[in-house]
Amino acid sequence: MSLITRIDTNPQTTPKEALPTPERLISGNPSFKTWALDDCRDGTVHTGIWEATPGETHSIKGTTYEFCHIISGVIELDEKGGDTVTYRAGDSFMMKPGFVGVWRTIETVRKIYVTVTDPA
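Residues numbered from 1 in each chain as written. Predicted model: local features only at pLDDT ≥ 70, side-chain atom pairs only at ≥ 80, totals over all residues. Heavy atoms only, no water.

Per an unreviewed UniProt entry, the protein chain goes by (S)-ureidoglycine aminohydrolase cupin domain-containing protein and derives from Rhizobium skierniewicense.

This is the structure we're talking about:
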């Protein structure tokens with residue numbers, strides 16, 4: 001078994017589709033697609049592709065670190081008590097545990113994600 005996993009940015013498998021929960025939805029009618037590609041360390045580390053259509057949702061990381069690399073689209077992140085930051089295709093960023101803010105999808109976005117959740 002190889003310890004290398006290729007991240008296909010245009011997966012041909014069927015994604016898991018979802019809508020934001022009512023308490024997370026701020027505006028618009030966003031929908032989400034997730035292609036889970038890998039998990040390890042007893043399910044505390046997840047890697048995959050995620051896509052969202054335009055809209056605004058509350059983003060709450062809790063005990064999760066999330067690294068994101070934007071493949072396509074445009075988003076804005078408003079950190080509670082902080083500045084608004086815009087990310088576009090080619091940009092990468094990380095949200096640390098405790099992050100609370102607004103995720104605003106301006107143009108349908110697709111990203112590579114790696115999440116690490118504290119099992120405590």
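We are not done yet, so read on.
## Quick notes on the state of the cysteines
Enumeration over the complete set of coordinates arrives at zero disulfides. Here Cys40 stays free of any disulfide, with the sulfur of Cys68 as its closest cysteine sulfur at 17 Å. On the basis of relative accessibility, which here comes to 34%, the residue Cys40 falls in the partly exposed class. (Disulfide = S-S within 2.5 Å. Buried < 20%, exposed > 50% of the residue type's maximum accessible area, 1.4 Å probe, protein only.)

## Regarding the pairing of strand 5 (residues 55-60)
When strand 2 (residues 25-28) meets strand 5, the two strands line up antiparallel, connected through three bridges. Directly across from Leu25, in strand 5, lies its bridge partner Thr57. Relative to strand 9 (residues 100-117), strand 5 runs antiparallel, the two sharing six bridges. Following the sheet pairing, Thr57 is matched in strand 9 by Trp103. (Pairing = 2+ DSSP bridges. Helix = DSSP H or I, 4+ residues; strand = E, 2+ residues; numbered from the N terminus.)

## Considering the UniProt feature "domain: (S)-ureidoglycine aminohydrolase cupin" (unreviewed entry) in the protein chain
With numbering matched to this structure, UniProt assigns "domain: (S)-ureidoglycine aminohydrolase cupin" (unreviewed entry) to residues 41-113. The distance from the first to the last C-alpha atom of residues 41-113 is 16 Å, and the span holds 0% helix and 73% strand. (UniProt positions renumbered as here; feature names shortened; annotations may be inferred.)

## Describing a nonpolar patch on the surface
Together, Tyr65, Phe67, Met94 and Val116 make up a nonpolar patch on the protein surface, roughly 350 Å² of accessible area in all. In this fold, Met94 is placed in strand 8 (residues 92-95). The exposure class assigned to Met94 is partly exposed, which follows from its relative accessible area of 46%. (Patch = residues over 30% accessible without salt bridge, like charges linked within 9 Å, V, L, I, M, F, W, Y side chains within 5 Å. Areas by Shrake-Rupley, 256 points an atom, 1.4 Å probe, with all protein chains shown as cover. Salt bridge = Lys/Arg side-chain N within 4 Å of Asp/Glu carboxyl O.)

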